[in-house]
Amino acid sequence: MKNILVTGASGQLGQSLRQRCLAFSELTLQFYTRQDFDLEQPDQMSRVLDEQKPSVVLNTAAYTAVDTAENEPDRAFAINTLGVRNLAELCAARDIILLHVSTDYVFNGKANQPYLEAHPTAPLGIYGQSKLQGEQAVEEINPAHYIVRASWLYGPYGHNFLKTMLKLADQGKSLTITTEQTGSPTSTLDLADALLGLLEKQAPYGTYHFSNRGQTTWYGFAKEIFKQTHQLEGVKLAETAEYPTFAKRPKYSVLDINKIEQTLQQPIRSWQEALAEVIHQI
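What this report covers is the structure whose coordinates are included nearby. Numbering of residues begins from 1 in every chain and follows the order in which that chain's sequence is written. Local features are withheld for residues below a pLDDT of 70 in this predicted model, meaning they are given only at 70 or higher, and side-chain atom pairs are given and counted only at 80 or more; totals for whole chains, interfaces and linings count all residues. The side-chain numbers reported here are obtained from all heavy atoms of the structure, hydrogens and water having been left aside.

1. Thoughts on the packing of aromatic side chains
Step number 1: Working definition: rings of Phe, Tyr and Trp (its six-membered ring) pair if their centres are within 6.5 Å, and the pair is stacked with planes under 30 degrees apart, edge-to-face with planes over 60 apart, and tilted otherwise. Counted by the stated rule, this structure contains twelve aromatic pairs.
Step number 2: For the ring pair Y105 and Y127, a centre distance of 6.0 Å and an interplane angle of 75° mean the geometry is edge-to-face. Of this pair, Y105 sits in the loop between β4 (97–103) and α4 (126–141) while Y127 sits in helix α4, and the two are 22 residues apart along the sequence. Exposure class is identical for Y105 and Y127. Each is buried.
Step number 3: Ring plane angle 50° and centroid distance 4.8 Å describe the contact between F161 and W218, whose orientation is recorded as tilted. With F161 in helix α5 (residues 161–170) and W218 in helix α7 (residues 218–228), this pair connects stretches of sequence that are 57 residues apart.
Step number 4: Here's how the labels work: a residue is buried when its accessible area is under 20% of the maximum for its type, exposed when over 50%, partly exposed in between, all with a 1.4 Å probe on protein chains only. Taking relative accessible area as the criterion, W218 reaches 14% and is therefore assigned buried.
Step number 5: Taken together, the ring pairs connect W152, Y154, F161, W218, F221 and W271 into an aromatic cluster.
Step number 6: The ring of F31 carries R18 above its face, with NZ or CZ at 4.3 Å from the centroid.
Step number 7: Here, a charge over a ring is recorded when the distance from Lys NZ or Arg CZ to the ring centre is within 6 Å and its angle to the ring normal is within 35 degrees. The aromatic ring of Y208 is capped on one face by K259, whose charged end is 4.4 Å from the ring centroid. Put simply, DSSP H or I for four residues or longer makes a helix, DSSP E for two residues or longer makes a strand, and each gets a number counted from the N terminus.

2. A closer look at the nonpolar core
Step number 1: Grouped together as the largest cluster of nonpolar side chains are 33 residues, with contacts concentrated most on L58 and I260.
Step number 2: The contact criterion used is simple: two residues touch if any of their non-hydrogen atoms lie within 4.5 Å. Apart from the residues within four sequence positions on either side, I260 is in contact with A194, L198, Y208, H209, F210 and I268.
Step number 3: One finds L39, A69, L87 and I147 within the second-largest nonpolar core, a separate group that totals 29 residues. As used here, the term nonpolar core means buried Ala, Val, Leu, Ile, Met, Phe, Trp, Tyr and Cys residues forming a set that is joined through side-chain atoms within 4.5 Å.

3. Description of the packing of α7 against helix α9 (residues 271–281)
Step number 1: Where α7 contacts α9, the axes come no closer than 11 Å and their chain directions differ by 50°. Taken together, the axes of α7 and α9 lie oblique to each other. In this structure, α7 crosses over α9, and the sense of that crossing is right-handed. Residues G220, F221, E224, I225 and Q228 of α7 touch α9, and the partners they reach there are W271, Q272, L275, A276 and I279.
Step number 2: Note on residue classes: Ala, Val, Leu, Ile, Met, Phe, Trp, Tyr, Cys and Pro are nonpolar, Asp, Glu, Lys and Arg are charged, and everything else, Gly too, is polar. Each residue belonging to the contact of α7 with α9 can be placed in one class, and the counts come to six nonpolar, three polar and one charged. Axes, fitted as lines to C-alpha atoms, cover a helix only where it is in contact. Angles between the N-to-C directions of the axes lie from 0 to 180 degrees. Oblique is the label for any angle not covered by the other classes, which are roughly parallel (under 35 degrees), roughly antiparallel (over 145) and roughly perpendicular (65 to 115). Here a crossing is taken to be left-handed if its near helix is turned anticlockwise relative to the far helix by less than a right angle, and right-handed if that turn runs clockwise.

4. Remarks on helix α2 (residues 42–52)
Step number 1: Those residues of α2 that sit buried are Q44, M45, S46, V48 and L49.
Step number 2: Those residues of α2 hidden inside the fold are in contact with β1 (2–7), β3 (56–59) and α3 (73–93).

5. Let's talk about the sheet that holds strand β5 (residues 145–150)
Step number 1: Spatial ordering of the open sheet is given by β2-β1-β3-β4-β5-β10, a layout of six strands whose pairing is parallel. Each edge of the open sheet carries a strand with a single partner, namely β2 (27–31) and β10 (206–210). The average angle at which neighbouring strand axes cross in this sheet is 20°, direction not considered.
Step number 2: As judged from the five bridges shared by β1 and β2, these two strands associate in the parallel manner. When the sheet's bridge partners are listed, L5 is paired in β2 with Q30.
Step number 3: Sitting on the sheet, helix α1 (residues 12–20) is in contact with β1, β2, β3 and β4, with an inclination near 140° to β2.
Step number 4: Lying on the sheet, helix α6 (residues 188–200) is in contact with β1, β2, β3, β4, β5 and β10; it crosses β5 at an angle near 160°. Whether two strands pair depends on DSSP finding at least two bridges between them.

6. Remarks on the pattern of salt bridges
Step number 1: Here, a salt bridge means any Lys or Arg side-chain nitrogen found within 4 Å of an Asp or Glu carboxyl oxygen. Counted by the stated rule, this structure contains 14 salt bridges.
Step number 2: Note that D67 and R249 form a salt bridge whose closest N and O atoms lie 3.0 Å from each other. In this pair, D67 sits in the loop between β3 and α3 while R249 sits in the loop between β12 (237–240) and α8 (258–264), placing the two residues 182 residues apart along the sequence.
Step number 3: Of the residues examined, D67 reaches a relative accessible area of 27% and is grouped as partly exposed.
Step number 4: Overlapping salt bridges, with partners in common, bring together R20, D190, D193, R269 and E277 in one network.

Structure (structure tokens):
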């Protein structure tokens, strides 16, 4: 049985892992919040790893405020790069497997077909740069690693686009949503299943991409949310080709998910089908 230490336990993915791990009887998960396992506190991390002796660390902890990162680069790099580097070193020294969650924002969005794992990276903003350098540290330091890039995460826990849309609709707000970016909305519940599936199958180490199947814009995502919640007729929803944000974002960040699908030997469901489950839970 694998003993897995999960970081970032209070985040939306961490909470989804807590829910989904019940279906993986061969895996034993221990959940740590930032208070108990802080990427900026290497001495604390070292002490916990020595006490718990996990065989795997599943790192979901990250600085994820994309726009704020442009004004707080030191903070973003302290967590997403230096913190991950320290974690990789601590794991490597103890022969601990490291599964690190990354992002589609390591790409520049100039592609016109889904990004393969080996596609050249070129992040546009501080957040993407800090996450990419974290990936590079994991690759350089700990050979026993998985890096899983995911896109457009939402789920039943924490703050995310789905919950924001539902809240604004309830308030009767007019919504103008961008069509400028294309990606794949990804359920944190499905991502949790995929991460645990890689560990359960003892898949080959390396980099994988995961998202739900299919692609849309943020406007298309919002429209499907209101369609599934039977609010489409009553919501004031408009689309815009441009929607200024502080940080530059990739205009196209669809990930090629064939590698992880073949590895897990399980079809990945559409983003619309995954959305229906999350809405039902909420």
